[in-house]
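Structure assessment
For reference, the chains in residue letters:
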Amino acid sequence: MALEAAKRSAAYKAVDEYVKDDTVVGIGSGSTVVYAVLRIAERVKAEGLQLVCIPTSFQARQLIIENGLVLGDLESNPQLDCAIDGADEVDAQMVLIKGGGGCLLQEKIVASCADRFVVIADYTKDSTRLGQQYDKGIPIEVVPMAYVPIRDRIGASFGGSLKLRMAIAKAGPVVTDNGNFILDWHFEDDKDHDWDAVNREIMMIPGVVETGLFVGMANKAYFGQADGSVTERGS
């Protein structure tokens with residue numbers, strides 16, 4: 001219950017501070033975002049806000065529709081006022097790991113189109129360095145035919161281990177909304193990494209579609225605490 005209260009408090013504070021009338025809002029994916037959408041729907045009903053919501057995944061699209069919000073897309077709304085999304089981990093420099101739910105590509109696209117990218121998370125996602133709290137690795141979305149050479153090349157260049165993410169309720173690997181596979185890179189967390197350089201080098205490998213490293217993208221992070229308070233990072 002404390003964890004859910006933490007998620008709710010972070011989501012509500014972010015929505016109350018960043019969602020304004022007559023704006024376009026990116027809606028992220030994951031369990032914390034559910035509370036953000038509920039709060040947006042409450043404010044739309046109470047205040048008559050005029051909003052267009054851009055989803056980052058099938059889950060986000062369904063949340064928007066189920067809560068009676070206006071569904072938009074990047075073709076009609078290529079510039080967003082803000083995007084609100086969760087994270088698997090946030091370090092002291094506001095570098096994020098995202099993609100635990102497999103939506104990293106669309107999440108990064110939507111975040112890149114927003115004037116302000118706001119992260120909402122509970123206290124378990126707040127770290128000094130990546131890997132301190134989150135131990136499932138950095139997701140890397142890849143073209144299916146290339147996953148083996150990509151796996152081997154990243155391992156040889158940066159160490160650690162990479163595993164093809166397997167589905168739980170079906171036989172075979174996870175397939176993203178974009179028809180790709182996901183490699184989870186369990187990096188060596190006892191050494192310092194220049195995450196910007198690492199991200200750029202991985203993105204240069206043919207067949208890599210996107211990484212779950214969000215470097216220099218988040219403007220603000222809200223971390224809900226077990227007692228219901230919220231701590232902030234960024235500006």
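Residues numbered from 1 in each chain as written. Predicted model: local features only at pLDDT ≥ 70, side-chain atom pairs only at ≥ 80, totals over all residues. Heavy atoms only, no water.

1. Structural notes on the packing of helix α1 (residues 2–18) against helix α2 (residues 31–47)
- For the pair α1 and α2, interaxial distance at closest approach is 8 Å and the crossing angle is 45°. As the angle between them shows, α1 and α2 are arranged oblique. Crossing of α1 against α2: the hand is right-handed. Here E4, K7, R8, A11, Y12, V15 and D16 of α1 lie close against α2, whose contacting residues are S31, T32, Y35, A36, R39, I40, E42 and R43.
- Of the residues in the contact of α1 with α2, the class split is 6 nonpolar, 2 polar and 7 charged. (Axes fitted to C-alpha atoms, helices over the stretch in contact; angles between N-to-C directions. Helix = DSSP H or I, 4+ residues; strand = E, 2+ residues; numbered from the N terminus. Parallel < 35°, antiparallel > 145°, perpendicular 65-115°, else oblique. Left-handed = near helix turned anticlockwise from the far one by under 90°. Contact = heavy atoms within 4.5 Å. Nonpolar A, V, L, I, M, F, W, Y, C, P; charged D, E, K, R; others polar.)

2. Describing the pairing of strand β13 (residues 230–234)
- In this sheet, β13 lies alongside strand β12 (residues 220–224) in antiparallel orientation, the contact comprising 5 bridges. Along β13, the bridge assignment pairs Y222 with E232.
- Between β12 and β13, which pair antiparallel one after the other, the connecting turn spans 5 residues, and G228 there sits at a positive phi close to 95°. (Pairing = 2+ DSSP bridges.)

3. Here we look at the pairing of strand β6 (residues 114–122)
- Of all 9 residues that make up β6, 7 are buried, and the element is covered over most of its length.
- Here strand β3 (residues 80–85) runs beside β6; their pairing, made up of 5 bridges, is parallel. When the bridges of β6 are listed, I84 appears paired with V118.
- In this structure, β6 lies alongside β12, joined through 5 bridges in parallel fashion. The residue bridging I120 from the neighbouring strand is Y222, located in β12. (Buried < 20%, exposed > 50% of the residue type's maximum accessible area, 1.4 Å probe, protein only.)

4. Comments concerning the sheet that holds strand β8 (residues 161–164)
- Strand order in the open sheet formed by 4 strands is β8-β9-β7-β10, and the pairing between neighbours is antiparallel. Each edge of the open sheet is held by one strand with a lone partner, namely β8 and β10 (208–211). Across this sheet, the average inter-strand angle for adjacent strands is 30°, counted without regard to direction.
- With respect to the sheet, helix α4 (residues 104–112) is in contact with β7 (138–142), β9 (181–186) and β10, its orientation differing from that of β10 by roughly 65°.

5. Overview of the pattern of salt bridges
- Applying the stated criterion across every chain yields a total of 16 salt bridges.
- Where K125 meets D122, a salt bridge forms, and the shortest distance between an N and an O atom there is 3.7 Å.
- Taking the relative accessible area as the measure of exposure, D122 reaches 1% and is therefore buried.
- Of the charged contacts, one joins K220 and E232 as a salt bridge, the two residues approaching to 2.8 Å between their closest N and O atoms. Taken as a pair, K220 in strand β12 and E232 in strand β13 lie far apart in primary sequence, 12 residues in all.
- Beyond isolated ion pairs, a larger network of salt bridges with shared partners links K13, K220 and E232. (Salt bridge = Lys/Arg side-chain N within 4 Å of Asp/Glu carboxyl O.)

6. Observations regarding the domain arrangement of the protein
- What the domain assignment lists for the protein is domain 1 (1–126 + 215–225) and domain 2 (138–210).
- Tallying the contact residues gives 15 residues for domain 1 and 14 residues for domain 2.
- Roughly 1100 Å² is buried in total at the junction of domain 1 and domain 2, and carbon and sulfur atoms are behind 62% of that figure.
- On the domain 1 side of the interface with domain 2, the three residues burying the most area are L104, L105 and V215, jointly 42% of the side's total.
- For the pair domain 1 and domain 2, the interface holds 1 salt bridge. (Domains from an automatic or database assignment. Buried area = accessible area lost by both parts, 1.4 Å probe.)

7. A few points about helix α3 (residues 58–66)
- All of the buried residues along α3 are A60, L63 and I64. What you see down the axis of α3 is that its buried residues fit within an arc of 100°, all on one side. Away from its buried face, by an angle of more than 90 degrees, α3 presents the exposed residues F58 and E66.
- Of the surrounding secondary structure, the elements contacted by the buried residues of α3 are β1 (23–27), α2 and β2 (51–55).
- Two or three places before Q59, at the start of α3, stands the capping residue S57, its side-chain oxygen 3.4 Å from that residue's backbone nitrogen.
- Two residues or fewer past α3, G68 is found with a positive phi of approximately 70°. (Arc of directions from axis to C-beta. Polar contact = N/O pair within 3.5 Å; in protein donor to acceptor, adjacent residues only side chain to side chain.)

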